[in-house]
Amino acid sequence: AAICRQVWEKVVEKKEEAPLNAFRIEPLFARELRPLYVHMHNPFIPEEDIVTFLRRYVDVQGSGTKERDEKGYWTGRRRFLVRLRPGAAPEGGVVHPPPAFSIGANGGTVRYPGQPKVCHRCGKEGHVVATCPSKVCRKCGAEGHLAADCRAVVRCNLCGMQGHLYNVCPDRKRTYAEAAATAASKKKESQSARRQD
Ligand SMILES: [Zn+2]
Ligand SMILES: [Zn+2]
Ligand SMILES: [Zn+2]
């Protein structure tokens, strides 16, 4: 893989020059299986929800593993194996997941080899949040206004769909208590339906 990277760096250097500028170049190793590390500030977010979020951007293989320190304590990070997806034409390349994200009100970060250095606020390269020139809305993710001025309809940051938030997202992993409550209310419904017969 190291030799691939060296060749690829040479190619990137010369991509504006003939004859390489005549081709759209995509590194094949960019789609290799690679480790991806997720750190959620709230450790109680279920792994199923993290996977649901990641699947919007990357192909996740298998389940995550909790990273442990020398004493065996969980560091708060999970390691996944993922494959990046090819990007849309004309830019090509691969799709990169956002380096910082939220699930509901819970923030998290994503790290993986080959991750571009981008601003955690606007997602652009070349600067960091402290010097970010753009206004990015925390509510809808759009550029050009802040959350207080947001007129967008609500968008779920777990599944990316409009019209609902994380706490009622149909893709969200239900806790045992919630699943039990739903089952109990279904039972009550069917009992009262029977009584009406
Ligand atoms: Zn920025
Ligand atoms: Zn907005
Ligand atoms: Zn949702």
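Residues numbered from 1 in each chain as written. Chains lettered and ligands numbered in written order. Predicted model: local features only at pLDDT ≥ 70, side-chain atom pairs only at ≥ 80, totals over all residues. Heavy atoms only, no water.

Turning our attention to the pairing of strand β3 (residues 74–84). The pairing of strand β1 (residues 34–40) with β3 spans 6 bridges and is antiparallel. Looking at β3, one finds that Pro35 is bridged to Leu81. In the sheet, strand β2 (residues 58–68) pairs with β3 via 7 bridges, with the strands oriented antiparallel. Across the sheet, residue Gln61 finds its bridge partner in β3, namely Leu81. In this structure, the hairpin formed by β2 and β3 is closed by a connection of 5 residues, where Gly72 is found at a positive phi of approximately 90 degrees. (Pairing = 2+ DSSP bridges. Helix = DSSP H or I, 4+ residues; strand = E, 2+ residues; numbered from the N terminus.)

All right, on to the pattern of salt bridges then. If you walk through the whole model with that rule in mind, you get 5 salt bridges. Its salt-bridge partner being Lys124, residue Glu143 comes within 3.2 Å of it at the nearest N-O pair. Here Glu143 is found in the loop between β5 (106–111) and α3 (176–196), whereas its partner Lys124 is found in the loop between β5 and α3, with 19 residues between them in sequence. (Salt bridge = Lys/Arg side-chain N within 4 Å of Asp/Glu carboxyl O.)

Bringing the coordination of the zinc ion (ligand 1) into the picture now. Coordination of the zinc ion (ligand 1) by the protein is provided by Cys119 (SG), Cys122 (SG), His127 (NE2) and Cys132 (SG), with metal-donor distances spanning 2.1 to 2.3 Å. Bound by 4 donor atoms, the zinc ion (ligand 1) shows angles of 105 to 115 degrees at the metal and therefore tetrahedral coordination geometry. Of note, the zinc ion (ligand 1) draws all its donor residues from one chain, in the sequence arrangement C-x2-C-x4-H-x4-C. In this pair, Cys119 is assigned in the loop between β5 and α3 and Cys132 in the loop between β5 and α3, connecting sequence segments 13 residues apart. (Donors = N, O, S within 2.8 Å, 3.2 Å for Na, K, Ca; no water. Tetrahedral: all angles 85-135°; square planar, octahedral: opposite > 155°, others 65-115°.)

Within this structure, the stated rule accounts for 2 aromatic pairs. Consider the rings of Phe53 and Tyr57, whose centres lie 5.4 Å apart with planes at 55 degrees: the pair is tilted. With 4.3 Å between their ring centres and 20 degrees between their planes, Phe53 and Phe101 make a pair best called stacked. With Phe53 in helix α2 (residues 47–54) and Phe101 in strand β4 (residues 100–103), this pair connects stretches of sequence that are 48 residues apart. On the basis of relative accessible area, Phe53 is assigned to the buried category, the value being 3%. What makes Phe101 buried here is its relative accessible area of 8%. One aromatic cluster is present, built from ring pairs that chain together Phe53, Tyr57 and Phe101. Between the NZ or CZ atom of Arg172 and the centre of the ring of Tyr166, over which it lies, the distance is 5.2 Å. (Phe/Tyr/Trp six-rings, centres within 6.5 Å; stacked < 30°, edge-to-face > 60°. Buried < 20%, exposed > 50% of the residue type's maximum accessible area, 1.4 Å probe, protein only. Lys NZ or Arg CZ within 6 Å of the ring centre and 35° of its normal.)

The sites that carry the UniProt feature "domain: CCHC-type" (unreviewed entry) are, in the present numbering, residues 119–134 and 137–151. Annotated as 0% helix and 0% strand, the span residues 119–134 places its first and last C-alpha atoms 10 Å apart. The distance separating the terminal C-alpha atoms of residues 137–151 is 10 Å; by composition the span is 0% helix and 0% strand. (UniProt positions renumbered as here; feature names shortened; annotations may be inferred.)

Counted residue by residue, α2 has 6 buried out of 8 residues, so it is predominantly covered. Listing the buried residues of α2 in full gives Glu47, Asp49, Ile50, Val51, Phe53 and Leu54. Against β1, β2, β3, β4 and β5 lie the buried residues of α2. (Contact = heavy atoms within 4.5 Å.)

Now for the coordination of the zinc ion (ligand 3). Within the first shell, the zinc ion (ligand 3) binds the protein through Cys156 (SG), Cys159 (SG), His164 (NE2) and Cys169 (SG), at distances of 2.1 to 2.4 Å. Here the zinc ion (ligand 3) is ringed by 4 donor atoms whose angles at the metal span 106 to 114 degrees, and the overall shape comes out tetrahedral. Summarised as a motif, the one-chain spacing of the donors to the zinc ion (ligand 3) is C-x2-C-x4-H-x4-C. You can see Cys156 sitting in the loop between β5 and α3 and its partner Cys169 sitting in the loop between β5 and α3, a full 13 residues away along the chain. In this structure, Cys156 and Cys169 share a single accessibility class: buried.

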